[in-house]
Amino acid sequence: MFLSFQQHFNSLTFQNLPLDGDRLIERLHHSLLERFHSSVNAVTKLHDAVQSSMSSAGSRWRQCCEFEEDELTYSRRFGKGIDTDTACERLSIDAKNDARRLPGSVLDVMQRNYEENSGIKWQYFGNEDGIFTIYPASSRAACDDYDSRYRPWYVEALTPKPKNVVIVIDKSSSMSIQHEGRTLMQIAKEAAITVVETMNPNDKVNVIAFSDTVSMPNQCKDACYESQLAQATPQNKECLHDFIRSIYDGGSTVYSSAIEAAFDLLQASEDSDSTDRDHVILFLTDGHPEDAVDDDLSEGEKEARRRHDIMDTIKTRNAQMGNKVIILTFGLGNQLDVILLNAMAQQDGTDFDIPKNTSAGEIKAGRFTKVADPNNLRVQMASYYNFFSTVFVSDKPIFSVPHQAASGIGLITTLALPILEAGKLKGVVGVDITLQDLFADVTYFHEGQTTYSFIYEVKGSAMGRTLTHPLMPAPNTVEEDPVFVHITSLEREADFKENVYKVSQGNVENGTATFTSTRTIPRGNSATEGVDTLQVPSTFHWRKVSGTPYIVCLVLGENDRETFLTKQDPKGDDSTFIYHRVDLTSLPDLCRHFNRTATREASSVKFSKEAFLDPNEYLLSEETESRINAYTQYMNGEDEQNKYFKDGVRDMVVATAKADEIWSTTEDAMQYTAFSYIGTENGVFREYPGVGLNKNYDHTVRPWYERAKNNKGNITLSTPYEAASGSGYVITLAHTIVERQTDARASGTSDEVIAVMGKDFSLPYFSLFLRQIYPKCMRTDTAALSWTTAAISLHTISSLTLAALFKMALNTHTSPNSKRQSHRI
């Protein structure tokens, strides 16, 4: 079979064109600019519409929690049911009923954005009154569980500069006092958790609880929580939440040790990070300090000494950090040393014989907030960001840190802009965009054998964060919040760090650098079979994407080329192409094959997303009969209009149709085969019998395909695995098909891989075969082989055995007694 198909491909004509790095990087750069500018344009239109509506009377929108699922239409684009005819509201628990709502004119803009830009997802406006309006409308479980004012995207739009924050919470005995059924400790913990939630991964944060002792997180996996700040990733924030929930009241109120611990954390983190950041301590207490002083002093003298010592500690420690630290103090209740808390915030101890020290830098005064009603503590503390807000000069949308979409559509970023009225903050507008949409041309880039592309950040606190790279999962496949991966962890050569990464941080807009870099090549399943590495002389072409913090980079392998099959003419009938969604076709004589609807009349074809001109449009579209008819008419040559597929895809469909003829000559052997198939480098997958596959199925990243490519010219045998086609656990035999194979290069080791052919054998058949080849396997006094639980070691199967298996399975009429698992329907 493999030999016959290789001979067929040897008869075809291919064209090899060298890859042009300058042209490719310019194409990627231009595509990114278009996508970003389109998204920025959408959020700007929404901002302008909301801004204009500030002087108009709006109307209440239906609450999202009031929508029933049967009122909505499921959308692949959003991953849930939606209503594009309207928006809906989500209210915070303290939302003002008389707050201004958005008018219908804003809905009109949202709808136009939705229709004109398929890349954008949710559009919304969160206002300072606690009302969140989102389009399109969708169902939410609770009616008062969302407060946009404390979401990271909202806070980041107001304070784009990253922050180092230490939250210091009083846990002394007095925090056990009850207020309207809750203790002050419970109220303080709720406020602290909300503050942590406002942080994004560009920020760093930690929590200190104090009485006469100081407590910090120690139950987290990472011991560094006790010595420095933690990046505010979802995982770290959840750990801090657990610590806050575990705090209990007890003991006296000692300020100084808590302040020392807070400065220790800030200083340790400053030493390990050169990013320009705001440094802030949020200090919460409900009482006077009870720090140790000389017992011989009078009560008035003790108070004065405590104030003096506390202010001296702040002065000394902040001077060590160049007076960068801002202190925001919060006093809970009425048993407070208001004078001291205000002095701490102002960092002015002159009333306590502690003169200001401005020699270390300008002192940044903070703010003291007295919270007379404990119920307001959460709002007061969580609004700390207003102190740092730069909304009065911000006129460009921020790109939020990528995060996991709640609806399961992959990683998203939020473009956000603040809304002002008469210089006063009114709220923030936002538009969600998936990284899959923004970076599609880079994520799905596939040209040549050793050329690839990636994107990383180069500005601010996220310096070096990788957004997409071949060694990382595609953005739409990530099911959890992302982990920060620095680009130098993936591109490890010193030449990359010096000649690309460091240079791209400067004022230069683009550049190139040539050096030898490493390619990682999977041996099959990377997790179980490992990888090989290959050193390739390469040229790195990079460009800054204007208006964003991103760098796009193309890595061009030396002498790499793109191989094109010359034009192939379809036969003009359905003998060339049957789409894999046989359930949506009018094919006669469908059958059941391994409990799947199938056709045995001919093979079926599925395309991976890389075969499409717009991979995202393909993934998000519904596969209807009319769409499939359009595919079929183009592939069979009945309609030359092509609006879906990249150049060369139809040519490969025509060329691989030869497989039906080859597979039909081994019909007797086919009854012992679960499936036969061929997958090409440009995204064509042909399978017999023809069955439907998952839309995300991509044969080029499957272990059988990677394993064959890594062993070019050799037959490869897989370990048992559960097949995507529904045939249960199988063993796969696979072999590469190369561009052209001559007698002088019979192994094909120097020819470019064009495709991989494979056959799946069920485990029962394979087990019977081995028992015939190895009689010892039939003995009852030895442990039987369990193919469903143990992997087959290729080292135990000789080349002679493989040859016998190959011949027996594909070319003879004598096989173990097994029957084809299909019947007519």
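Residues numbered from 1 in each chain as written. Predicted model: local features only at pLDDT ≥ 70, side-chain atom pairs only at ≥ 80, totals over all residues. Heavy atoms only, no water.

Caption draft 1: Spatial organisation of the overall build of the protein chain. Of regular secondary structure, the protein chain possesses 23 helices and 36 strands. Taking all 825 residues of the protein chain together, the buried fraction comes to 56%. Sequence-distant contacts, at least 24 apart, represent 73% of the contacts inside the protein chain between residues at least 6 apart. When the accessible area of the protein chain is evaluated, it comes to approximately 35,200 Å², of which 47% is carbon and sulfur surface. (Helix = DSSP H or I, 4+ residues; strand = E, 2+ residues; numbered from the N terminus. Buried < 20%, exposed > 50% of the residue type's maximum accessible area, 1.4 Å probe, protein only. Contact = heavy atoms within 4.5 Å. Areas by Shrake-Rupley, 256 points an atom, 1.4 Å probe, with all protein chains shown as cover.)

Caption draft 2: The arrangement of the side chain of Asp660 in detail. Summarising the element assignment, Asp660 is placed in helix 19 (residues 658–664). Look at Asp660: it is buried, it has no salt bridge, and the nearest opposite charge is Arg686 at 4.1 Å. Engagement of the side chain of Asp660 in a polar contact is seen with the side chain of Ser603, the distance being 2.8 Å. (Lys, Arg positive; Asp, Glu negative; His and termini not counted. Salt bridge = Lys/Arg side-chain N within 4 Å of Asp/Glu carboxyl O. Polar contact = N/O pair within 3.5 Å; in protein donor to acceptor, adjacent residues only side chain to side chain.)

Caption draft 3: Representation of the sheet that holds strand 21 (residues 466–468) in the model. Reading across the sheet, the five strands line up as 21-20-24-23-22 and stay open at both edges, with antiparallel pairing between neighbours. Both outer strands of the open sheet, strand 21 and strand 22 (510–522), are each paired with one neighbouring strand and no more. Between one strand axis and the next, the sheet turns through 35° on average, direction left out of account. In this fold helix 2 (residues 21–53) packs onto strand 20 (452–457), strand 23 (531–544) and strand 24 (550–557), with an angle of close to 155° to the strand it touches most, strand 24. Strand contacts of helix 14 (residues 494–504): strand 20, strand 22, strand 23 and strand 24, with the helix running at about 25° to strand 23, the strand carrying the most contacts. (Pairing = 2+ DSSP bridges. Axes fitted to C-alpha atoms, helices over the stretch in contact; angles between N-to-C directions.)

Caption draft 4: Just the nonpolar core, in detail. Counting 60 residues, the largest nonpolar core has Ile167, Ile169, Leu282, Leu377, Met381 and Tyr384 as the members making the most contacts within it. Considering each element in turn, this core owes the most residues, eight residues, to helix 5 (residues 184–197). In this structure Met381 touches Ile167, Ala191, Val195, Leu282, Leu284 and Phe330, once residues within four positions along its chain are discounted. By size, the runner-up hydrophobic cluster in this structure holds 44 residues, among which are Leu24, Ile25, Phe36 and Val106. (Core = buried A, V, L, I, M, F, W, Y, C linked by side-chain atoms within 4.5 Å.)

Caption draft 5: Spotlight on the packing of aromatic side chains. Within the structure shown, the criterion is met by 48 aromatic pairs. Following the ring pairs from residue to residue traces out a cluster consisting of Phe577, Tyr579, Phe607, Phe612, Tyr618, Tyr631, Tyr634, Tyr644 and Phe645. In this structure, Arg140 packs its charged tip against the face of Trp122, placed 5.5 Å from the ring centre. In this structure, Arg650 packs its charged tip against the face of Tyr634, placed 4.5 Å from the ring centre. (Phe/Tyr/Trp six-rings, centres within 6.5 Å; stacked < 30°, edge-to-face > 60°. Lys NZ or Arg CZ within 6 Å of the ring centre and 35° of its normal.)

Caption draft 6: Spatial organisation of helix 17 (residues 625–635). Every buried residue of helix 17 is listed here: Arg627, Ile628, Tyr631, Thr632, Tyr634 and Met635. Looking at the buried side of helix 17, the elements it contacts are strand 28 (604–607), helix 16 (615–620) and helix 18 (649–656). Gly637 sits one or two positions beyond helix 17 and adopts a positive phi of about 80°.

Caption draft 7: Up close: the pairing of strand 4 (residues 88–91). Residues of strand 4 alternate between two faces, with Cys88 and Arg90 on one and Glu89 and Leu91 on the opposite face, all of them buried. Across four bridges, the pairing between strand 4 and strand 6 (residues 131–135) is antiparallel. Bridge pairing in strand 6 links Arg90 to Phe132.

Caption draft 8: View of the pattern of salt bridges. Applying the stated rule across the entire model yields 41 salt bridges. Among the ionic pairs, Lys121 bridges to Asp437, the shortest N-O distance being 2.5 Å. Highlighted residues: Lys121 in strand 5 (residues 120–127) and Asp437 in helix 11 (residues 435–438), separated in sequence by 316 residues. For the pair formed by Lys121 and Asp437, the shared burial category is buried. Lys609 is the partner of Asp698 in a salt bridge, and the nearest nitrogen-oxygen pair spans 4.0 Å. Here Asp698, found in the loop between strand 31 (690–691) and helix 21 (703–710), pairs with Lys609, found in the loop between strand 28 and helix 16; they are 89 residues apart in sequence, far enough to count as distant.

Caption draft 9: Region of interest: the state of the cysteines. Inspection of every chain in the model, using the stated rule, returns two disulfides. Bridging Cys64 to Cys88, the disulfide has an S-S length of 2.0 Å. Classification of the bridge connecting Cys64 and Cys88 rests on its S-S torsion, roughly 90°, and on that basis the disulfide is right-handed. Taken as a pair, Cys64 in the loop between helix 2 and strand 2 (73–75) and Cys88 in strand 4 lie far apart in primary sequence, 24 residues in all. Each of the two residues, Cys64 as well as Cys88, counts as buried. Across the disulfide, Cys65 is cross-linked to Cys143 (sulfur-sulfur distance 1.9 Å). Its torsion about the S-S bond being 100°, the disulfide of Cys65 and Cys143 is classed as right-handed. (Disulfide = S-S within 2.5 Å.)

Caption draft 10: Focus on helix 8 (residues 299–320). Over its 22 residues, helix 8 runs 32 Å from end to end, which matches the ideal 32 Å to within 8%, given 1.5 Å per residue. Taken as a whole, helix 8 has its buried residues at Lys302, Arg306, Arg307, Ile310, Met311, Thr313, Ile314, Arg317 and Asn318. End-on view of helix 8: buried residues confined to an arc of 155°, all on one side of the axis. The positive-phi residue at the C-terminal boundary of helix 8 is Gly322, with phi of around 70°. (Expected span 1.5 Å × (residues − 1). Arc of directions from axis to C-beta.)

Caption draft 11: Structural context of the side chain of His580. The residue His580 is located in the loop between strand 25 (561–565) and strand 26 (591–593) in this model. A relative accessible area of 1% places His580 in the buried class. Among the polar contacts made by the side chain of His580, one reaches the main-chain amide nitrogen of Leu693 at a distance of 3.0 Å.

Caption draft 12: Structural detail: the packing of helix 1 (residues 2–10) against helix 18. Between helix 1 and helix 18, the shortest axis-to-axis distance is 11 Å and the interhelical angle comes to 130°. Relative to helix 18, helix 1 is oriented oblique. In the crossing of helix 1 with helix 18, the sense of the turn from one axis to the other is right-handed. The residues of helix 18 that touch helix 1, namely those facing Phe5, His8 and Phe9, are Met652, Ala655 and Thr656. Broken down by class, the residue content of the contact of helix 1 with helix 18 amounts to four nonpolar, two polar and no charged. (Parallel < 35°, antiparallel > 145°, perpendicular 65-115°, else oblique. Left-handed = near helix turned anticlockwise from the far one by under 90°. Nonpolar A, V, L, I, M, F, W, Y, C, P; charged D, E, K, R; others polar.)

Caption draft 13: Structural context of the packing of helix 8 against helix 9 (residues 338–346). For the pair helix 8 and helix 9, interaxial distance at closest approach is 10 Å and the crossing angle is 15°. One finds that helix 8 runs roughly parallel with respect to helix 9. In the packing of helix 8 onto helix 9, the handedness of the crossing is right-handed. Only Ile339, Leu340, Ala343 and Met344 of helix 9 make contact with helix 8, whose side of the interface consists of Arg307, Ile310, Met311 and Ile314. Among the residues forming the contact of helix 8 with helix 9, the class breakdown is seven nonpolar, no polar and one charged.

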